[in-house]
Amino acid sequence: MPDTKPNSISSILHFAAHLALAASLAGGAHAAENAAEKVIAFDETGAPFATTRRFAYLTECVQNAYCQQRLRGMEDAAARFNFEFQTFDANFNPAEQLKQVQNAAVGDFDAYILGPTAAAQSCNMWKQFLVPTGKPVVTVDLPMCGDTDHTAGLAGTVTMQRQAYFDAHVENAFASCSEPCEVAAVGGFVGSDLYNLWTRAIENGVAKYPNARVVVEQAGNFDPGTALRVIQDGLLAHPDISVVISSWDDMTRGVVQAVSSAGKTPGEDVRIYSVGGTSDGISRVRSGSYSGTTILLPYEESYYGAVAAVMAVQGEAPNGYIDEARLPAVTGGPGTIFIDAGNADSFTPRF
């Protein structure tokens with residue numbers, strides 16, 4: 001077990017805040033704990049279907065690394081529980097997802113697993129076309145219908161990326177500012193649900209940690225080249241930036257390059273906090289260039305989403321929010337979604 005004993009006033013404050021954030025996330029609602037426990041237990045002991053069932057996988061994407069892991073999770077769940085699934089790839093286009101939901105609704109499927117392209121639009125698709133089928137629907141990736149996590153009427157919701165997640169990520173970084181510090185933030189695509197969650201988390205974090213003064217807040221489009229330009233320009237205008245927060249590990253590679261190009265040492269002169277828990281991200285945490293990365297679990301997201309759908313078809317729907325922070329990849333590993341140099345060896349990334 002790594003030595004996590006703090007050795008300065010600054011690290012004591014950050015260490016205490018880190019523990020408080022982890023406890024807050026783990027505390028959650030009792031209903032979420034029960035829903036997670038139910039799907040974990042069913043996965044361990046539940047029987048596969050006696051005859052092959054058909055599921056519809058209505059996903060927002062399949063082409064990037066995150067969504068490829070989600071697809072693998074579906075494939076493994078299908079093999080475990082004896083169901084086939086048809087993939088409907090909306091490629092982040094709500095209009096395309098609407099057509100696909102309409103087609104799937106008349107496709108004689110036993111269950112639907114929905115990855116919303118946009119929370120509001122996908123909520124309407126679910127209500128208008130999937131609810132009338134009378135078949136169970138599980139959502140993955142994002143909450144919808146204005147709910148913070150689970151929407152009543154769904155057989156289950158499996159997600160990490162909700163407001164509480166991004167709040168925790170930002171607070172974990174801002175807690176490192178034991179003295180006033182300048183912060184740069186680089187996020188995803190302007191106007192997307194994820195970007196709205198991200199910017200709201202920054203606002204919430206500033207209110208809670210006034211030592212953190214955000215001097216740069218721009219979209220990076222999940223692209224390392226764009227992040228490089230944003231942080232280069234930011235460091236030119238604000239050379240005292242000492243913290244950068246990013247919403248995706250691959251994009252954060254551009255942050256590291258920008259910091260190095262400015263003659264500063266990533267992880268030392270500028271603390272960098274990323275999101276993803278990817279193989280590359282964990283490697284950079286180990287090397288010290290990232291101060292931390294907050295994990296995502298795309299494989300588990302779809303796998304346990306499928307488990308929830310299987311349960312629903314068998315009359316045992318969890319009917320609640322399955323918090324990914326309560327899944328074995330976290331509880332049986334680092335015990336927290338925050339990965340730093342002290343616990344990086346306890347987490348094995350899948351992508």
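Reading the values: rules and limits
- Residues numbered from 1 in each chain as written.
- Predicted model: local features only at pLDDT ≥ 70, side-chain atom pairs only at ≥ 80, totals over all residues.
- Heavy atoms only, no water.
- Pairing = 2+ DSSP bridges.
- Helix = DSSP H or I, 4+ residues; strand = E, 2+ residues; numbered from the N terminus.
- Axes fitted to C-alpha atoms, helices over the stretch in contact; angles between N-to-C directions.
- Contact = heavy atoms within 4.5 Å.
- Expected span 1.5 Å × (residues − 1).
- Buried < 20%, exposed > 50% of the residue type's maximum accessible area, 1.4 Å probe, protein only.
- Arc of directions from axis to C-beta.
- Polar contact = N/O pair within 3.5 Å; in protein donor to acceptor, adjacent residues only side chain to side chain.

Draft legend 1. The sheet that holds strand β4 (residues 137-140), seen in detail. Within the open sheet, the six strands sit side by side as β2-β1-β3-β4-β5-β11. Their pairing is parallel. Taken across any chain shown, the strands that pair with only one partner, and hence form the sheet edges, are β2 (83-89) and β11 (321-323). Across the sheet, the axes of successive neighbouring strands diverge by a mean angle of 20°, strand direction being ignored. The pairing of strand β5 (residues 156-159) with β11 spans three bridges and is parallel. Across the sheet, V158 pairs through a bridge with I322, a residue of β11. Contacts from helix α5 (residues 119-130) reach β1 (53-59), β3 (111-114) and β4 within the one sheet, and its direction differs from that of β3 by about 170°.

Draft legend 2. Molecular detail of helix α4 (residues 94-105). Over its 12 residues, α4 extends 16 Å from the first C-alpha to the last, a length consistent with the 16 Å expected when each residue adds 1.5 Å. Inspection of α4 places Q97, Q100, V101, A104 and A105 among the buried residues, and these make up the whole buried set. The buried side chains of α4 occupy one side of the element, clustering within an arc of 135° when seen end-on. Exposed residues on α4 whose side chains face more than 90 degrees from its buried face are K99 and N103. Among the structural elements, β1, β2, β3 and α5 are those in contact with the buried residues of α4. At the N-terminal boundary of α4, the capping side chain belongs to N93, with an oxygen 2.9 Å from the backbone nitrogen of A95.

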